[in-house]
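Observations on the three-dimensional arrangement
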Amino acid sequence: MVSKMNQNKSKRIFNEFSKKKFLVIGDIMLDSYIFGSSNRISPEAPIPIVDLNDMNHKLGGAANVALNLSSLGAKVCLAGVIGYDSEGELLEKILIDNGIDSNLIFKSSDRQTTQKSRIISNGHHVLRLDRETRVDVNSSISKKIIKSISAIISEFDGIILEDYNKGVFNKKTIPQLIELCNLNNKAVYVDPKHDNFLQYSDIRLMKPNLLEFCNALNLKKFNEKSGFELLKKINSDILLITKGADGISLFQDSLHYEAPTQARKIHDVSGAGDTVIAVFALCDVCGLDSKISADIANYAAGVTCEEVGVVPVSINSIKKFISTIDN
């Protein structure tokens, strides 16, 4: 059931979006899409031959979270690591074009910029090529990131930690960053991955997907009891589990709230989780009820799943949805 919202508050919320400033910290990626068509099989191997028609590049990982926030009017600073390569230069240009502050992005000589290249043939995703470094970022760069963040953390309304297991977060950096945020009374929103899952504690929100949640707790399938157990274990105010076609599950205090997916037709789930955490965090710092924030984030993810490729949610889409839940 979709939560109801006061009409005056819904109008005010859009003005609040543009007043908020977020720091997104995490694994930054360049998502590349290669579009083509295929009507023949290679004589060299039983694989389709794809005739290339077009290629485009988009922000991925933590950069996509930043893009979603920026597209809704918030001010955003992105912190992370890229390589000294053409992919990193292209990524920085796209960030600038979208008004995202990249001053806390550091370049490393021992890493390459993470790039995920997806081949789309006849409208279908047929192959993905990953170019990445998955070891921990070297300690000197980690220290620079934390030192730089500590100097400006007072400027932000919320902090999002976007972990893709590419090396920005580890057992040393995670507690340092969370302690820094908590000392400055900044809400921390976490999108975890399996390597560091249970390292995140004393936070505002944990947002795993269903597979990550089940793997972390050694579960064969989702159950309500385990949601409350994890909430208590990591001392998080809120647990928000994204469940793909089954929508979302929200845990807060003694509340367990579920909502089905808002996607009319799913074309591509890439980036849906990034949209959820960005939209929920922005609504949350604006003072919206958690159930309403979850409903808006769930709807936004559904909208992005209707498009091919990683697509940020638009302010007009959010306005359209909120108009349907006003009293």
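Each remark here, short or long, concerns the structure printed above.
Values in this document were obtained by computation on a predicted structure and should not be read as measured data.

**Section: the packing of aromatic side chains**
- Counting across every chain of the model gives six aromatic pairs.
- Centre to centre, the rings of phenylalanine 22 and tyrosine 189 are 6.5 Å apart; their planes meet at 50°, and the pair counts as tilted. Of this pair, phenylalanine 22 sits in strand 1 (residues 21-26) while tyrosine 189 sits in strand 9 (residues 187-191); the two residues are 167 residues apart in sequence, bridging distant segments of the chain.
- What makes phenylalanine 22 buried here is its relative accessible area of 0%.
- Residue tyrosine 189 is classed as buried on the basis of its relative accessible area, which comes to 0%.
- Ring centres of phenylalanine 213 and phenylalanine 222 lie 5.9 Å apart, and the angle between their planes is 50°; on these two criteria the pair is classed as tilted.
- Site record: aromatic cluster; members linked through ring pairs are Phe213, Phe222, Phe228 and Phe251.

**Description of the sheet that holds strand 5 (residues 101-108)**
- Taken in spatial order, the nine strands of this open sheet run 5-4-1-8-9-10-11-12-13, and their pairing is mixed. A single partner strand is all that each edge strand has here, and the edge strands are strand 5 and strand 13 (255-259). Taken over all neighbouring pairs, the strand axes of this sheet differ in orientation by 15° on average, direction set aside.
- Relative to strand 11 (residues 236-242), strand 10 (residues 203-206) is paired through three bridges, and the arrangement is parallel. The residue of strand 11 that forms the bridge with leucine 205 is isoleucine 238.
- Together, strand 1, strand 8 (158-162), strand 9, strand 10 and strand 11 form the strand contacts of helix 8 (residues 272-285), whose direction differs from that of strand 9 by roughly 165°.

Cut-offs used in this document
- Position labels on residues start from 1 in each chain and follow its written sequence.
- For a predicted model such as this one, the threshold for reporting local features is a pLDDT of at least 70, and the threshold for listing and counting side-chain atom pairs is 80 or more; totals across whole chains, interfaces and linings nevertheless cover every residue.
- The side-chain values count all of the structure's non-hydrogen atoms but skip hydrogen atoms and water molecules.
- Here is the rule: rings of Phe, Tyr and Trp (six-membered ring for Trp) pair when centre to centre is within 6.5 Å. Planes less than 30 degrees apart are stacked, more than 60 are edge-to-face, and the remainder are tilted.
- Helix and strand assignments come from DSSP, with helices taken as H or I runs of at least 4 residues and strands as E runs of at least 2, each series counted from the N terminus.
- Accessible area is worked out with a 1.4 Å probe on protein chains only. A residue is then buried under 20% of its type maximum, exposed over 50%, and partly exposed in between.
- For two strands to count as paired, DSSP must find a minimum of two bridges between them.
- Fitting a line to C-alpha atoms yields each axis, with helices limited to the stretch in contact; the angle taken between N-to-C directions then spans 0 to 180 degrees.
- By definition, residues are in contact when any of their heavy atoms lie within 4.5 Å.

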